[in-house]
Protein chains: 2
Amino acid sequence: MTNFLPKSVRSLIEEFSKLPGIGPKSAERLTMYLLHSPHSKIEPLGRAVMDVKKGIEFCRDCWNIAEENPCAICSDRGRDHSIICVVEEILDVVAIERTGEYKGLYHVLHGHLSPVDGIGPEELKIRALEERVSKGGVQEVILATNPGLEGETTALYLLKFLNNVKGLKVTRIARGLPIGGDLEYADEQTLTKALQGRAEY
Amino acid sequence: MTNFLPKSVRSLIEEFSKLPGIGPKSAERLTMYLLHSPHSKIEPLGRAVMDVKKGIEFCRDCWNIAEENPCAICSDRGRDHSIICVVEEILDVVAIERTGEYKGLYHVLHGHLSPVDGIGPEELKIRALEERVSKGGVQEVILATNPGLEGETTALYLLKFLNNVKGLKVTRIARGLPIGGDLEYADEQTLTKALQGRAEY
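All figures in this text were calculated on a predicted structure; none of them were measured in a lab. Residue positions are counted from 1 within each chain, in the order its sequence is given. By the order in which they are written, chains take letters starting at A while ligands take numbers starting at 1. Totals for whole chains, interfaces and linings use every residue, but because this is a predicted model, local features are given only for residues with pLDDT of at least 70 and side-chain atom pairs only at 80 or more, for both listing and counting. Based on all heavy atoms of the structure, the side-chain values leave hydrogens and waters out of the count.

Draft legend 1. Spotlight on the overall build of chain A. Scanning chain A from terminus to terminus reveals seven helices and six strands. For chain A, the N- to C-terminal ordering of α and β elements is α-α-α-β-β-β-α-β-α-β-α-β-α. With the radius of gyration taken over C-alpha atoms, the globule rule is written as 2.2 Å times the number of residues to the power 0.38. A globule of 201 residues ought to have a C-alpha radius of gyration of about 17 Å, yet chain A, at 22 Å, is considerably larger. Along the longest, intermediate and shortest principal axes, the C-alpha atoms of chain A span 70 × 45 × 35 Å. Per-residue accessibility, obtained with a 1.4 Å probe over protein chains only, is compared with the maximum for each type, and a residue is labelled buried under 20%, exposed over 50%, and partly exposed between these values. Buried residues in chain A amount to 40% of all 201 residues. To be clear on the numbers: accessible area is Shrake-Rupley with a 1.4 Å probe, and residue cover counts the displayed protein chains and nothing else. Of the roughly 11,700 Å² that chain A leaves accessible, carbon and sulfur atoms contribute 53%. Once the 25 positive and 29 negative side-chain charges of chain A are each reduced to a mean point, those two points are 4 Å apart. Helical segments are the DSSP runs of H or I of at least four residues, strand segments are the runs of E of at least two, and each set is numbered from the N terminus. Only four residue types enter the charge count, namely Lys and Arg as positive and Asp and Glu as negative; His and the chain termini do not. For charged residues, the charge sits on one atom: NZ in Lys, CZ in Arg, CG in Asp, CD in Glu.

Next up, the structure:
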């Protein structure tokens, strides 16, 4: 059907379609956009794709991506090294950093426990967290895994061994109504959590 | 805020964000996806982006993109060279070819008339169409520009000179209710066109 399109065009459509959230129609549109762009716009994208992993490693402390080791956050003396915020993904670090509210360190698990998908504790950076905490110097661990079945399960799993660390405070990010949300349309679980987590004025 | 991300990661996010329909969040997600992919998956995408224009030219007859000149469609002796379907974009050719219903040739205008955007007849492949039709041998021109203000204006503009070509039939693709559409929710213009264009059983 699209056989009449030049091979280079067909293969870019195909490559774009492989990306998550990009269907065949979007892939076609992106390809046409690039086809109508000057080489000076196309080349930086191609280069950025090819080079995305260049010089990148995982921080040996927090397992975030980094250019140096330990990463910029872990080696920042201005941050509070006694607090560790545990998240599932690198983008969760990005989201929390955007708030500008958090000055502690992170620990990226690279996923959540999911027995159906064959993801157990060994597949995540859980042992690394154990080692990190048991070295001492950490006063609080904030469990910031996603508020869903897998995230809660993962948080509970971590809680088991974190509770055994003497003098360590373990907290969970608050779950409740999102800002701008509508109580009327909130699901029962969110509303339950919002009530349970109510705080005094 | 995302300063802690490696430079290569930030620049891919930036490049992805420049693409139409890809917001900053999608750009981040696409970048993370590639970051977690093996090099064997990243490289073909980068290469396909860089090479998309390689060996591509516009067909000197129909102005579709092509690897040879004239293009595969124009040089196909199995197709009906007496019918030309005029479309705005290359992707319109893709859409019509997908139906498998059309066996004539095409003419790609590369846009529509839009005085507000400074796009007049000279910016489109209109003169090329005039020359093509005046050479003779064409019996029907199907105007398949989009059914919207600009598309209709463009079609009417083309009609002016096409009507002066002796023995040429000029048609417009049907406008009406889309299949699966709901009469109740159709806008007035579409419904008007659907009534005007009614055909006998």
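Draft legend 2. View of helix α1 (residues 7-17) of chain B. When α1(B) is considered as a whole, its buried residues turn out to be Ser8(B), Val9(B), Leu12(B), Ile13(B), Glu15(B) and Phe16(B). When α1(B) is viewed along its axis, its buried side chains cluster within an angular range of 165° and face the same direction. Think of it as the arc spanned by the lines of direction from the helix axis to the C-beta atoms.

Draft legend 3. Representation of the sheet that holds strand β3 (residues 83-87) of chain B. Residue and element names in this part refer to chain B. Taken together, four strands build an open sheet; the order of strands is β4-β3-β5-β6 and the sheet is parallel. Looking at which strands have only one partner, the edges of the open sheet turn out to be β4 (105-108) and β6 (169-172). Looking at each pair of strands side by side, their axes are set apart by 25° on average, direction ignored. Whether two strands pair depends on DSSP finding at least two bridges between them. Alignment of strand β5 (residues 140-143) against β6, held across four bridges, turns out to be parallel. Between N-to-C directions, angles cover 0 to 180 degrees, with each direction set by a line fitted to C-alpha atoms, over the stretch in contact for helices.

Draft legend 4. Molecular detail of the domain arrangement of chain A. Along its sequence, chain A is organised into domain 1 (7-51) and domain 2 (79-200). The domain boundaries here were taken from an automatic or database domain assignment. Centre-to-centre separation of domain 1 of chain A and domain 2 of chain A, based on C-alpha positions: 36 Å.

Draft legend 5. Looking closely at the nonpolar core. What is meant by a nonpolar core is a set of buried Ala, Val, Leu, Ile, Met, Phe, Trp, Tyr and Cys residues, joined one to another through side-chain atoms within 4.5 Å. Leu5(A), Phe16(A), Leu5(B) and Phe16(B) are the most contacted members of the largest nonpolar core, which totals 77 residues. Residues count as neighbours in contact if any of their non-hydrogen atoms are within 4.5 Å of one another. Look past the residues within four positions of Leu5(B) in its chain and what remains in contact with it is Ile65(A), Ile90(A), Val94(A), Arg10(B), Ile13(B) and Met32(B).

Draft legend 6. Broad picture of the confidence of the model for chain A. Confidence scores here are pLDDT values: one per residue, from the predictor, ranging 0 to 100. Looking at chain A, the pLDDT average stands at 93 and 100% of residues meet or exceed 70. For this predicted complex, the interface confidence reaches an ipTM of 0.84, while the overall pTM sits at 0.83.

Draft legend 7. Up close: the relation of the copies chain A and chain B. Screw-axis analysis of chain A against chain B gives a translation of 0.0 Å along the axis, an RMSD of 0.1 Å, and a rotation angle of 180°. Such a combination of turn and shift is consistent with a two-fold rotation axis. Across chain A, the rotation axis passes nearest the C-alpha of Gly46(A), at a separation of 2.2 Å. Both copies contact each other with a shared surface, as 100% of the interface residues of chain A are interface residues in chain B too. To line up the copies, we fit them by least squares on C-alpha atoms, keeping just the residues with pLDDT of at least 70 in both.

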